[in-house]
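A closer look at the structure
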Amino acid sequence: MKRIIASLILVLPIFAAPNANAILAKADSVMNAPKDRKMKMVMILIDKHGNKSIREGESYQKGDSYRLIRFTKPADQRGIAFLSLPHDVMYVYFPAFKKIRRIASHVKNQTFAGTDFTYDDLSTFRYSKDYHATLLEETDSTYVLKLTPKPGVKKDYGFLKMWIDKKTYHLLKIEFYDKSGNLWKVLTFKNIHRVKNYWISGEMEMKDLKKNHTTIMKLEEIELDTGIPTKFFSRRTLRRMH
Amino acid sequence: MKRILMFLLALPLFAGVKFGGYLEFYGRYWLKSDSARWTMNRETFKLNTEADMGEHLHFKVENYMVHDGFPAVFTPEDLTSRGKLSPLSIRLGETYADVYDFLVPDFDLRIGRQIVNWGTADKINPTSNINPYDMEDFMDFGKRLPVNAARAFYSTDLLNFEFVFAPIFTPSFMPANEFTEALTSNSSTLPPGVTRTRTVIQTPVPKVSESSSFAGKVSGNFFDWDVSLSYFHGRLTVPFPKKMEISVEDSTPVLVTTMGFPEINVIGADFSGSPFGVGFWGEFAYIMPEKYVLENTLLGPDTLLKKPFLKYVIGGDYTFKNGFYLNFQFIHGFTNEYGDSLNDYVTFRLEKKFLNDRLKVAPLGIAAEIADWSNVKENYGVILNPELVYSPFDNIEFKVGGIVIDGKGENTFARLKEIDEAYIRVKLTF
């Protein structure tokens, strides 16, 4: 009996105050659950006057370490491709130069091809790797976490606020704050639905409040667990993509 | 002709044939007050045709239709010639077929006219020697001409291998206007009694031992650094004087200079990485020329090339917190320099994007030549190239800029100092 009481004393605080880092790690696992995925992307860029321009492309991802994105439209962006590999190794291919270029880490906080996503945003798979989480708020349906960069991790963001669905552990919204604590960008996950056994967001909206510019990324023709080999994520594939 | 038309019309029937290209208007104006004039008047229509034919085949054809130059009308008859009024040329760019997983998995072949763009440096790539330079527009330095070649790629998890064989020698395309003199030092004076000169270019005989070139490269990523080692055997693509003699033509003594293309072997190495958040690269070419002796019937033989020499580029780039992008390079040996006559160059470019990347301003674009470190004040050349690029909508780009050149002494840039120009380029991509 004493043992049961002692165990309850140990376990109760876990129920009372969920571990924020564990929640974040679980959300990361949900977001990266498919073994691989390939999909078509439509990016709608909206400027402060409401003018729209559209980018189309394709995206491939394997696990939480490999991603390849290539634009197919508009014509002046066609063929631009971005490859993200483990250990922060990234390459970009610009057809005009017929050359694959290594992306240095100073470029990671620059926006990719006029969108509101930075190279770093596109290569961040697991927030728990770079950020330490604390629980700000818990409602019936959501956890709200505050994420601060871990010591030694260089980010342009001062901290992040992240909304996580309690039922699915899928991300709902992320607010990105600059180092002065001002709200900078808001990423909203929409059209969250089930594909196979995974929760997938069919639309993401990144709003840059400083620039008053928005990028809506719609994901279509999503295919999961098709067995994309790791070697697909290579400079060879960048060279082969036209 | 009929067959070509039929083929072009039938192309879209192939599944997945994609067309693309651009239309570009390019004008340059010489600003020198007493002889101000247009120096470039070019419209280019580029058409790309490419297709994946199944999983293992791909082809690409680049066609250029270029209207370039000014009406060359001197006689009434010239007025009846469209060629004289509107100089037009059709050029074939890269035209190749890719075969993926040829014979074994991960072994790819690319056969046809192509550009083999090696090296980690920007624009000036001393390890990239398969393709000759296209110096038609000298300000677009580093541009290459495609050549017919077979190129093989093989990738493993650790390393990438590449081998290229180009059977036919193609010399570099030289600038035909005010930039020509900049590439040749004007040190030669004519012998007494000689008032005429004639230059003969002697290209290698088109047989394997004479006109072919080949190269191999192995590359990989180690400890977050991209590195490669390469080897090239072929020829310099810029002509070197081979023989100078006096010949009598129409009872007049003429200095005849025969130019050739020396053989070279090149061991190359390059790297790129990102230490401390800064982009950093280097490219080195150890060039071992054949012994190349100028037969001078007047002054005796002169050895122009013999000793190996090193050309290299070291550079870096960085994006500051305020969005300014800085790119810098130190270059030892420009594209037209070989042997003992290698000069040092520093390039520096600062740019910033505005309006969600629609406007790019490069207020500082500098290329400086230092021909003599012990006497920089008296022997230097500087090119300033501020530029503004604006893209109001997708697929259209307006580029305006200026070229201001200053210099002193005997060096490439100083020889260009009279050429201060403004330019405009409008490009519509489809």
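With respect to the overall build of chain A
Counting its secondary structure elements, chain A contains five helices and 13 strands. For a compact globule of 242 residues, the expected C-alpha radius of gyration is about 18 Å, and chain A comes in at 19 Å, within 12% of that figure. Oriented by its inertia axes, the alpha-carbon framework of chain A measures out at about 75 × 40 × 35 Å. Sorting the 242 residues of chain A into buried and exposed places 52% on the buried side. Of the contacts made within chain A by residues no fewer than 6 positions apart, 45% connect residues no fewer than 24 positions apart.

A word on the overall build of chain B
Helix and strand content of chain B: three helices and 24 strands. Its C-alpha atoms give chain B a radius of gyration of 24 Å, within 12% of the compact-globule value 22 Å for 430 residues. The principal-axis extent of the C-alpha atoms belonging to chain B is close to 70 × 55 × 55 Å. Buried positions account for 44% of the 430 residues belonging to chain B. Contacts in chain B between residues at least 24 apart in sequence constitute 57% of all its contacts with a sequence separation of at least 6. Entry remark: accessible area of chain B is about 22200 Å², with carbon and sulfur atoms responsible for 63%. Side chains of chain B carry 42 positive and 53 negative charges; the gap between the two charge centres is 3 Å.

As for the domain arrangement of chain B
Taken as a whole, chain B is organised into domain 1 (121-132 + 157-321) and domain 2 (343-430). The centre of domain 1 of chain B, based on its C-alpha atoms, is set 24 Å off from the matching centre of domain 2 of chain B.

As for the interface of chain B and chain A
On the chain A side, the residues contacting the 51 residues of chain B number 34 residues. Both sides together, the interface formed by chain B and chain A hides about 3100 Å², and carbon and sulfur atoms give 36% of it. Where chain B meets chain A, there are 13 salt bridges. A salt bridge links Arg239 of chain A to Asp108 of chain B; the nearest nitrogen and oxygen atoms lie 3.5 Å apart. If you look at where chain B meets chain A, you find 24 residue pairs in polar contact (both at pLDDT 80 or more). Broken down by element, the side of chain B that touches chain A gets its largest block of residues, four residues, from strand β1 (residues 18-30) of chain B.

Section: the nonpolar core
The biggest cluster of nonpolar side chains holds 49 residues, and the ones touching the most others in it are Phe112, Tyr127, Leu145, Leu147, Ile164, Leu171 and Ile174 of chain A. No other element matches the six residues that helix α2 (residues 20-31) of chain A contributes to this core. Filtering out sequence-adjacent residues up to four positions away, Phe112 of chain A remains in contact with Ile69, Phe71, Ile80, Phe82, Phe117, Thr118, Tyr119 and Leu122 of chain A. Counting 23 residues, the second largest nonpolar core, distinct from the first, contains Trp118, Ile130, Ile287 and Tyr292 of chain B.

What about the sheet that holds strand β12 (residues 252-260) of chain B?
All names here are of chain B. Taken in spatial order, the five strands make up an open sheet running β8-β12-β11-β15-β16, and their pairing is mixed. Here the strands that pair on one side only, and so sit at the sheet edges, are β8 (196-201) and β16 (302-305). For this sheet, the mean angle separating the axes of adjacent strands, direction not counted, is 25°. Relative to strand β15 (residues 292-296), strand β11 (residues 240-249) runs parallel, the two being bridged by two bridges.

With respect to α2 of chain A
An α-helical turn contains 3.6 residues, so any two residues separated by three or four positions project in the same direction. Residues and elements named next belong to chain A. Compared with the 16 Å implied by 1.5 Å per residue over twelve residues, the 16 Å span of α2 between its first and last C-alpha is a close match. When we look at burial in α2, the residues that qualify are Ala20, Ile23, Leu24, Ala27, Asp28, Val30 and Met31. Along the axis of α2, the buried residues cluster in a sector spanning 160°; they form a single face. Where α2 begins, one side-chain oxygen reaches toward the backbone nitrogen of Asn21, 2.8 Å away; that side chain belongs to Asn19.

Observations concerning the side chain of Lys99 of chain A
By secondary structure assignment, the location of Lys99 of chain A is in strand β6 (residues 99-102). Of the buried charged residues, Lys99 of chain A lacks a salt bridge, with Glu283 of chain B as the closest side chain of opposite charge at 5.4 Å. Of note is the side chain of Lys99 of chain A, whose polar atom sits 3.3 Å from the side chain of Asn125 of chain B. Beyond its immediate sequence surroundings of up to four residues, Lys99 of chain A is in contact with Val92, Tyr93 and Phe94 of chain A together with Asn117, Trp118, Gly119, Ala121 and Asn125 of chain B.

Observations regarding unusual backbone geometry
The step from Lys73 of chain A to Pro74 of chain A runs through a cis peptide bond, and the omega angle for that step is 0°. Relative to the assigned elements, Pro74 of chain A resides in the loop between β3 (66-73) and β4 (81-85). The phi torsion at Asp101 of chain B lies on the positive side, around 55°, for a residue other than glycine. Asp101 of chain B gets classed as partly exposed once you look at its relative accessible area, which sits at 25%. In the Ramachandran plot, Leu103 of chain B falls in the positive-phi region, its phi being about 70° despite a non-glycine side chain. Its location among the elements puts Leu103 of chain B in the loop between β4 (88-99) and β5 (107-114).

What counts and what doesn't
- Residues numbered from 1 in each chain as written.
- Chains lettered and ligands numbered in written order.
- Predicted model: local features only at pLDDT ≥ 70, side-chain atom pairs only at ≥ 80, totals over all residues.
- Heavy atoms only, no water.
- Helix = DSSP H or I, 4+ residues; strand = E, 2+ residues; numbered from the N terminus.
- Rg over C-alpha atoms; globule rule 2.2 N^0.38 Å.
- Buried < 20%, exposed > 50% of the residue type's maximum accessible area, 1.4 Å probe, protein only.
- Contact = heavy atoms within 4.5 Å.
- Areas by Shrake-Rupley, 256 points an atom, 1.4 Å probe, with all protein chains shown as cover.
- Lys, Arg positive; Asp, Glu negative; His and termini not counted.
- Charge placed at Lys NZ, Arg CZ, Asp CG, Glu CD.
- Domains from an automatic or database assignment.
- Buried area = accessible area lost by both parts, 1.4 Å probe.
- Salt bridge = Lys/Arg side-chain N within 4 Å of Asp/Glu carboxyl O.
- Polar contact = N/O pair within 3.5 Å; in protein donor to acceptor, adjacent residues only side chain to side chain.
- Core = buried A, V, L, I, M, F, W, Y, C linked by side-chain atoms within 4.5 Å.
- Pairing = 2+ DSSP bridges.
- Axes fitted to C-alpha atoms, helices over the stretch in contact; angles between N-to-C directions.
- Expected span 1.5 Å × (residues − 1).
- Arc of directions from axis to C-beta.

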